[in-house]
Amino acid sequence: MPVTKSAQQLVDTARERIVSLTPQEVATQRDLPGVLLVDLRDVRERKREGFVPGSLHVPRGMLEFWVDPGSPYHKPELARAESLILYCNKGWRSALAAATLNDMGLEDVADMAGGFERWRNEIGDVSHD
């Protein structure tokens, strides 16, 4: 079956309707009250490359279920946050995820442009388990 819309096109469409923050903007906002930084990467990526200090690991495949209070998988720390900033490795998964959370009714959601790769290069503040 042919692909009629590429992954890049989906990301580009999502980016047209979400808020994207630079790593510098994330660095200034991440410690504000009510802000929760969410790492969507696979557990192996997080273990291998490290993570932004203070971020909550939410595997991308579980995000919608963990954020939904009606789901048996709900994580209360996501409901307590007033603002979510999502990141992945390059910013593609986080763009799609931010658009999905907007579709679910969450309004104060952003993604970090360029993802963890850009964070590591520009900010360099990385933790390891």
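Computed from a prediction, not measured in an experiment: that's the story for all the values here.

**Quick look at the overall build of the protein**
Helix and strand content of the protein: 7 helices and 5 strands. Each helix and strand of the protein, ordered N terminal to C terminal, gives the series α-β-α-β-α-β-α-α-β-α-β-α. In summary, the protein has a C-alpha radius of gyration of 14 Å against a globular reference of 14 Å for 129 residues, a match within 12%. Seen through its principal axes, the protein has C-alpha atoms that stretch 40 × 35 × 25 Å. Partitioning the contacts of the protein with sequence separation of at least 6, the portion at a separation of at least 24 is 64%. Total accessible area on the protein stands at roughly 7,200 Å², and carbon and sulfur atoms take up 53% of it. Of the charged side chains in the protein, 16 are positive and 20 negative, and the gap between their average positions amounts to 6 Å.

**Some thoughts on the pattern of salt bridges**
Under the definition given, this model contains 12 salt bridges. Lysine 90 serves as the salt-bridge partner of glutamate 117, at 2.8 Å between the closest nitrogen and oxygen. Placement of glutamate 117 in helix H7 (residues 115-122) and of lysine 90 in the loop between strand E4 (83-87) and helix H6 (92-103) is noted, with a sequence separation of 27 residues between them. Judged by relative accessible area, lysine 90 falls into the partly exposed class, the value being 42%.

**A word on the sheet that holds E4**
Read across the open sheet, the 5 strands follow the order E1-E5-E4-E2-E3; overall the sheet is parallel. Two strands lie at the open edges of the sheet, namely strand E1 (19-21) and strand E3 (56-57), each paired on one side alone. Sheet topology note: the E1/strand E5 (residues 109-112) ladder contains 3 bridges and is parallel. Across the sheet, serine 20 pairs through a bridge with aspartate 111, a residue of E5. Here H6 sits on the sheet and contacts E4 and E5; the angle it forms with E5, its principal contact strand, is near 175°.

About the cut-offs
Residues numbered from 1 in each chain as written. Predicted model: local features only at pLDDT ≥ 70, side-chain atom pairs only at ≥ 80, totals over all residues. Heavy atoms only, no water. Helix = DSSP H or I, 4+ residues; strand = E, 2+ residues; numbered from the N terminus. Rg over C-alpha atoms; globule rule 2.2 N^0.38 Å. Contact = heavy atoms within 4.5 Å. Areas by Shrake-Rupley, 256 points an atom, 1.4 Å probe, with all protein chains shown as cover. Lys, Arg positive; Asp, Glu negative; His and termini not counted. Charge placed at Lys NZ, Arg CZ, Asp CG, Glu CD. Salt bridge = Lys/Arg side-chain N within 4 Å of Asp/Glu carboxyl O. Buried < 20%, exposed > 50% of the residue type's maximum accessible area, 1.4 Å probe, protein only. Pairing = 2+ DSSP bridges. Axes fitted to C-alpha atoms, helices over the stretch in contact; angles between N-to-C directions.

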